[in-house]
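# Understanding the architecture of this molecule
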Amino acid sequence: MADPNPARIFADPEDPITATVSGPYAPLLDVDLPAGGKPRRPFKAFLVILSVLLFVGLLMTLIGETGPGGSELTDLTLNAPAEFTNISAQFLEPASRGPSAGVSEKSLRLHSGEKAPFPWSNTMLSWQRTAYHFQPEKNWMNGTRHCVVGTLIGRLYRSQCPMFYGGWYHFFYQYNPEAAVWGNIVWGHAVSKDLIEWLHLPVAMVADHWYDTNGVWTGSATLLPDGQIIMLYTGATDEWVQVQNLAYPADLSDPLLVDWVKYPGNPVLVPPPGIGLKDFRDPTTAWHGPDGKWRIAIGSKVNKTGITFVYDTDDFKKYELIKGVMHSVPGTGMWECVDFYPVSLTEDNGLDTSFNGPDVKHVLKASMDDDRNDYYAIGTYSMDSGNWTPDNPNIDVGIGLRYDYGKFYASKTFYDQNKQRRVLWGWIGESDGESTDIMKGWASLQSIPRTVVLDQKTGTNLLQWPVEEIKSLRKGCKKFDKVEVGPGSVVPLEVGKATQLDITAEFEIDKEALERVSGSDEEYSCSTSGGSAQRGELGPFGFLLLSDEGRCEQTPVYFYIAKGTDGHLKTFFCSDESRSSLANDVYKGNYGSTVPVLEGEKLSMRILVDHSIIESFAQGGRTCITSRVYPTKAIYGAAQLYVFNNATSSSITASIKTWEMKSAYIRPYSSYSS
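Residues numbered from 1 in each chain as written. Predicted model: local features only at pLDDT ≥ 70, side-chain atom pairs only at ≥ 80, totals over all residues. Heavy atoms only, no water.

### What to know about the overall build of the chain
Formally: Strands are runs of DSSP state E lasting at least 2 residues, helices are runs of H or I lasting at least 4, and numbering of each runs from the N terminus. With a 1.4 Å probe rolled over the protein chains alone, any residue whose accessible area is under 20% of its type maximum counts as buried; one over 50% counts as exposed, and the rest are partly exposed. In this description, contact between two residues means that some pair of their heavy atoms is separated by no more than 4.5 Å. Using the Shrake-Rupley algorithm and a 1.4 Å probe, accessible areas are obtained, with residue cover drawn only from the displayed protein chains.
Each helix and strand in the chain was counted, giving four helices and 40 strands. The 674 residues of the chain split such that 59% are buried. Taking all contacts inside the chain whose residues are at least 6 apart in sequence as the whole, residues at least 24 apart take part in 68%. Approximately 25,500 Å² of the chain is accessible, and the part contributed by carbon and sulfur atoms is 52%.

Set out below in structure tokens:
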């Protein structure tokens, strides 16, 4: 048939793509390379045996494994009734579907034990659906598909993802149009004028070729100087080999980019020699190298070492692997959804992906398949060698800083040239079981988009903050100035609708108490200590979110301060889900980390509450936590907000502002009228 897009750059679509590496190739670490570069096909018999073993193992888990009971904690102010205190965060445990599923997996197995699954009602499940976070109308979604395209603005090139094109922000995501569980992955598509209110469009790409028959997975977009849009994405072949494919819009004059065409020569890249057939995925947005060629990065691993490859290309159909790797970190496992972008040392605005210069650092981020968290590090990129070096090897990718210390994965940034900012999106999965997802008819959502800049005060971390457009949903501001909260106290805040809130707060600690407290070698951890029930001289203190009147259910988000023997203060920012729900078939963990607090700074936090998701930001976004919670009583009008102080000897003063949040208008495009 005739080419539906004759203006595209691929002059010879019938030229077969051999997908071999044409440039110099250095053996990776200690891997023995196979003879030849052709993909090895997995043995079907091995897959059958593996499937049987996995089924037997799961069956044994369901029958015989019991989770540990929860510990009972002394809590003078926050305790729930005794019959609920033994609901353990360990009772449920996420179970991976396996690396063949890439980022798109979710399972939660219920350990046999003392309680039957919770009897969810339609009222409870309906409440869980969010009001101003993006999610499809129904069924399963996961992972930002890294695609928002921009226009040329006074420069030779412009590349980014996700993307802004034709006056619209475009968002592509992995989607199962048939069910609320993972499978049958295609690309969903939505557009927005403001990143908050979205219009659902028809599915953009489906799994309809041998090279993506098992899923249209993560991809990225690049806008070329002549205005064309190049989309690279990972496909799972008919034998689950991960290959990179090329697609482009069928009609560039369509600002909605509804129709997409796949390059006839796909795949354009296959796993290089020495790399597992299921360990090669998620191409980044392209950037310009010093020789004028485009460069892309792809995540992989060798044994347990996470790595990032870099490829050169002139036309996006033939590629040359740059010698060695961009970066590697032993012991971190498979790197997926790699992201790479510059940040300014002197300005607060974002930078185009190809920008480089003396006042620029580069962020390398990877999603760790082993622990399902997103890690980043700040460092220096060599345009000549293609290598990236962290500023501090002790906080390298996979072993140091995280974007978010809660439920946040497979994130991606894009450069928004309209407002000269870099915007981060993350996929927020569920913490319940698949059977519950099927009952409610949907699973997973996206975080509120966040701006990302370098923290110029510390120079060692990023700052993340909700995009300014979210303020358009605020209504009915309420102020609570200098609220005194003594040790062991809980103060209710009358805020109206407590299930949709934007909260900002500053806290001051009694200075005499700070000086009076003696230092100790106490070790505190948000995830392994006693949560908000563990009392110290200087904390915890913060908010009880989505709490019912009797506080049987509550989700504390709080600061905890420890004073060392050297007199220095160490501040933790935490979220405690252990009492977020009376249901026993949801995962209830404690999350958080330390947060830098500089001299003269007040402790501050911002919290977005939207039904079953809570996004929390400390100290201007130095540390962030996303929680998924599933209350059974603290829903609708029964949900309340409290400020609390569970410290033993110090008082706090809190200055708080709250806004009720309107629901965002997220609906099918057919209902849109400008």
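### Some thoughts on the confidence of the model for the chain
The cut-off we apply is this: The quantity known as pLDDT measures the predictor's confidence residue by residue, on a range of 0 to 100.
Predicted confidence across the chain gives a mean pLDDT of 84, with 79% of residues reaching 70 or more. Across residues 1-113, confidence stays below pLDDT 50; counting only partners more than four residues off in sequence or on other chains, it has 219 contacts. Predicted confidence for residues 146-161 stays below pLDDT 50, and this span has 91 contacts to residues more than four positions away or in other chains.

### Overview of the side chain of K262
Rules: Contacts described as polar in this section are N or O atom pairs within 3.5 Å, which, within protein, must combine one atom able to donate a hydrogen with one able to accept it, while residues neighboring in sequence count only if both atoms come from side chains.
Residue placement: K262 occurs in strand β11 (residues 260-262). According to the relative accessible area criterion, K262 is buried, its value standing at 13%. Here the side chain of K262 touches D208 through a polar contact of 2.6 Å, side chain to side chain. Only 2.6 Å separates the side chain of K262 from the side chain of D212, close enough to count as a polar contact. If we ignore the near neighbours within four places in the chain, the residues touching K262 are M205, V206, A207, D208, H209, Y211, D212, V216, Y233, L246, A247 and Y248.

### Describing the sheet that holds strand β39 (residues 652-661)
Within a sheet, each strand pairs with its neighbour through backbone hydrogen bonds, oriented either parallel or antiparallel. So the rule is basically this: A pair of strands is treated as paired once DSSP finds two or more bridges between them. Lines fitted to C-alpha atoms define the axes, with helix axes restricted to the stretch in contact, and inter-axis angles between N-to-C directions lie between 0 and 180 degrees.
Spatially, β28-β39-β30-β35-β36-β37 is the arrangement adopted by the six strands of the open sheet, whose pairing is antiparallel. Here the strands that pair on one side only, and so sit at the sheet edges, are β28 (474-485) and β37 (623-628). Each adjacent strand pair in this sheet contributes to an overall mean axis angle of 15°, direction not counted. Of the strand pairs in this sheet, strand β36 (residues 613-618) and β37 are connected by six bridges, and their pairing is antiparallel. Among the inter-strand pairings, A618 is bridged to a residue of β37, identified as T623.

### Some points on the state of the cysteines
This is how the line gets drawn: Note that a disulfide, as used here, is simply two cysteine sulfur atoms within 2.5 Å.
In this structure the tally under the stated criterion is one disulfide. Bridging C526 to C574, the disulfide has an S-S length of 2.0 Å. Taking the sign of the torsion about the S-S bond as the criterion, the disulfide between C526 and C574, at about -55°, is left-handed. Of the two residues, C526 sits in the loop between α4 (511-516) and β31 (541-547) while C574 sits in strand β33 (residues 569-576), which places them 48 residues apart along the sequence. You'll find C526 and C574 in the same group, each marked buried.

### Describing the packing of aromatic side chains
Using the following cut-off: For Phe, Tyr and Trp, rings pair up if their centres lie within 6.5 Å, where Trp contributes its six-membered ring, and each pair is then called stacked (planes under 30 degrees apart), edge-to-face (over 60) or tilted (otherwise).
Tallying each qualifying case throughout the model produces 37 aromatic pairs. Relative to Y173, the ring of F134 has its centre 5.4 Å away and its plane inclined at 65°; by these criteria the two rings are edge-to-face. On the criterion of sequence distance, the pair formed by F134 in the loop between α2 (122-128) and β3 (139-144) and Y173 in strand β5 (residues 168-176) is long-range, its members being 39 residues apart. When its relative accessible area of 5% is taken as the criterion, F134 is described as buried. When the centroid spacing of 5.3 Å and the interplanar angle of 40° are considered together, the rings of F559 and F573 count as tilted. With a gap of 14 residues between them, F559 in strand β32 (residues 555-563) and F573 in strand β33 connect regions that are remote in the sequence.

### Considerations on unusual backbone geometry
For the peptide bond that leads from N266 to P267, omega is 0°, which places it in the cis range. Counting through the fold element by element, P267 comes out in the loop between β11 and β12 (280-281). Omega for the peptide link from G539 to P540 comes to 10°, which places this bond in the cis form. Relative to the elements of secondary structure, P540 occurs in the loop between α4 and β31. In this structure, F316 is a non-glycine residue whose phi angle is positive, near 70°. For F316, the location among the structural elements is in the loop between β15 (305-313) and β16 (319-321). Since its relative accessible area comes to 1%, F316 is described here as buried. A positive phi angle, close to 50°, is found at Y636, a residue other than glycine. Within the fold, Y636 resides in the loop between β37 and β38 (640-645).

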